[in-house]
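Here are the chains, one letter per residue:
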Amino acid sequence: MIRLFFLIRALEQGGAERQLIELARHLDQRRFAVTVATFYAGGALHAELAGVAGVRLIALGKRGRWDVLPFLWRLWRLLRAERPAIVHGYMEGGNLLGLLLGPLVGARVVWGLRASNMNLDDYDWAPRLTFWLGARCSRLADAIILNSEAGRRHHLAHGYSGAHMLVIPNGIDVERFRPDAAARARVRQAWHVAPDVPLIGLVGRLDPMKDHPTFLRAAALVAAQNPRARFVCVGDGPPAYRAQLAQLADTLGLGPRLIWAGACGDMPAVYNGLDLLASSSACGEGFANVIGEAMACALPVVATDVGDAAVIIGDPARVVAPGDPAALAGRLLGLLALAPAGRQALGAAGRDRIVANYSIDRLADTTQAVLEGMT
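Residues numbered from 1 in each chain as written. Predicted model: local features only at pLDDT ≥ 70, side-chain atom pairs only at ≥ 80, totals over all residues. Heavy atoms only, no water.

Here strand β4 (residues 86-89) shows no split at all, with I86 and H88 on one side and V87 and G89 on the other all buried. Sheet topology places strand β1 (residues 2-8) next to β4; 4 bridges connect them, and they run parallel. Across the sheet, the residue bridging to F5 is V87, located in β4. Across 3 bridges, the pairing between β4 and strand β5 (residues 108-113) is parallel. Its bridge partner lying in β5, H88 is registered against V110. Taking the sense of rotation as the criterion, the β-α-β connection linking β4, helix α4 (residues 91-101) and β5 turns out right-handed. (Buried < 20%, exposed > 50% of the residue type's maximum accessible area, 1.4 Å probe, protein only. Helix = DSSP H or I, 4+ residues; strand = E, 2+ residues; numbered from the N terminus. Pairing = 2+ DSSP bridges. Right-handed = clockwise from strand over helix to strand, strands pointing away.)

Okay, here's the thing in structure tokens:
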């Protein structure tokens with residue numbers, strides 16, 4: 001048995017957290033004894049992993065940014081007790097701490113990098129510092145796993161070592177994310193959207209990198225050409241930023257055409273409730289889970305050319321430059337103009353693409369081979 005120790009800040013709602021959970025679930029339990037340690041207790045996704053047989057979940061009880069020495073002492077004691085063969089960090093904080101303490105217990109160290117061209121100016125000093133430290137310490141990691149070619153290029157361009165760097169794309173649970181007519185009807189009823197009304201959604205937390213303003217401006221352009229269209233934003237974020245976005249939506253005249261759905265637990269139902277998904281991200285994405293999940297539900301997607309979106313979608317006609325509401329609206333209107341059978345065929349082809357190239361089994365098998373090769 002290979003003792004594998006994942007280290008991540010928290011199990012909040014997010015793509016990296018979702019991928020860690022799926023990987024921990026699907027690794028071969030005959031080969032791996034898996035522990036997942038989080039800096040902070042709780043989190044929206046904590047319960048999903050807490051009940052998984054064969055996975056030990058431990059919260060280190062960090063009490064805030066400045067709880068440093070007591071937190072490091074707890075982590076050190078846990079690593080000494082666990083004696084893992086591999087410490088696998090997820091994102092910069094887990095990566096750096098794994099590199100600091102993992103070798104002291106004889107563990108190999110794997111880093112997980114999930115983003116591409118993050119605009120760190122949108123955040124405070126801590127992410128900038130950890131990125132800077134990561135670039136300077138990266139040559140010491142035994143392996144660096146990224147989820148996108150865009151992320152690999154970005155990190156290499158900013159000083160990260162490529163000596164032990166490899167790309168393993170995210171995996172989508174194609175049994176969970178699949179077409180479901182009953183779920184479609186249920187979520188539309190909850191949102192008070194008639195079955196035949198065109199519904200376009202953006203799924204993502206309220207964060208500048210997701211560029212909701214571009215989506216909202218595109219929605220206003222679509223609404224001007226297609227008055228029946230309605231729109232939904234699924235995800236939550238800081239109240240002040242949400243208020244800014246709501247004010248912009250009102251200024252654009254979206255009013256009752258736009259639903260602010262907040263965070264939703266049943267994401268397969270959300271995707272099934274939509275007619276089109278728009279991903280308007282300005283930066284930061286590596287492999288956007290929402291694109292793969294939507295496609296697995298046979299939902300046509302239009303996305304900005306950020307991260308590996310163009311590779312995942314596989315159709316240049318449905319990829320636009322970031323920050324261009326007119327281009328995004330034009331692609332969405334083009335898809336709305338298709339006959340229902342045409343959109344269904346497009347969605348079915350998208351699901352086939354995800355099943356063939358980005359399944360969760362493929363993620364687990366590829367990662368498992370890499371980890372086994374390190375011991």
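Read on, since the account is not over.
Further remarks concern the sheet that holds strand β7 (residues 165-167). Read across the open sheet, the 7 strands follow the order β3-β2-β1-β4-β5-β6-β7; overall the sheet is parallel. Here the strands that pair on one side only, and so sit at the sheet edges, are β3 (55-59) and β7. Ignoring strand direction, the axes of neighbouring strands in this sheet form an average angle of 20°. Across the sheet, α4 touches β1, β4 and β5, and the angle it forms with β5 is around 170°. (Axes fitted to C-alpha atoms, helices over the stretch in contact; angles between N-to-C directions. Contact = heavy atoms within 4.5 Å.)

With the rule as written, the count across this model stands at 6 aromatic pairs. The interplanar angle of 70° and the centroid separation of 5.3 Å between the aromatic rings of F287 and Y358 together place this pair among those described as edge-to-face. Remark: Y358 occurs in the loop between α14 (340-357) and α15 (360-372) and F287 occurs in the loop between β11 (276-279) and α11 (289-296); sequence separation between them is 71 residues. Classification of F287 as buried rests on a relative accessible area of 5%. Between K62 and the ring centre of F71, over which it is positioned, the NZ or CZ distance is 5.4 Å. When the ring centre of W125 is taken as origin, the NZ or CZ atom of R65, which lies over that ring, is 5.1 Å away. (Phe/Tyr/Trp six-rings, centres within 6.5 Å; stacked < 30°, edge-to-face > 60°. Lys NZ or Arg CZ within 6 Å of the ring centre and 35° of its normal.)

A separate point is the side chain of R318. Its place among the elements puts R318 in the loop between α12 (309-313) and β13 (319-320). Judged by its relative accessible area of 9%, R318 is buried. Excluding its chain neighbours within four sequence positions, the residues that come into contact with R318 are P300, V301, V302, A303, I313, R331, L335 and L346.

In this section: helix α9 (residues 239-251). For α9, spanning 13 residues, the distance from its first C-alpha to its last is 18 Å, which sits close to the expected 18 Å at 1.5 Å a residue. Among the residues of α9, those classed as buried are Y241, L245, L248 and A249. Along α9, the residues classed as buried sweep out an arc of 100° about the axis, all on the same side. The exposed residues of α9 that point more than 90 degrees off its buried face are P239, A240, Q247, D250 and T251. Elements in contact with the buried residues of α9: α8 (212-225) and β10 (258-262). G253 sits one or two residues past α9 and shows a positive phi near 80°. (Expected span 1.5 Å × (residues − 1). Arc of directions from axis to C-beta.)

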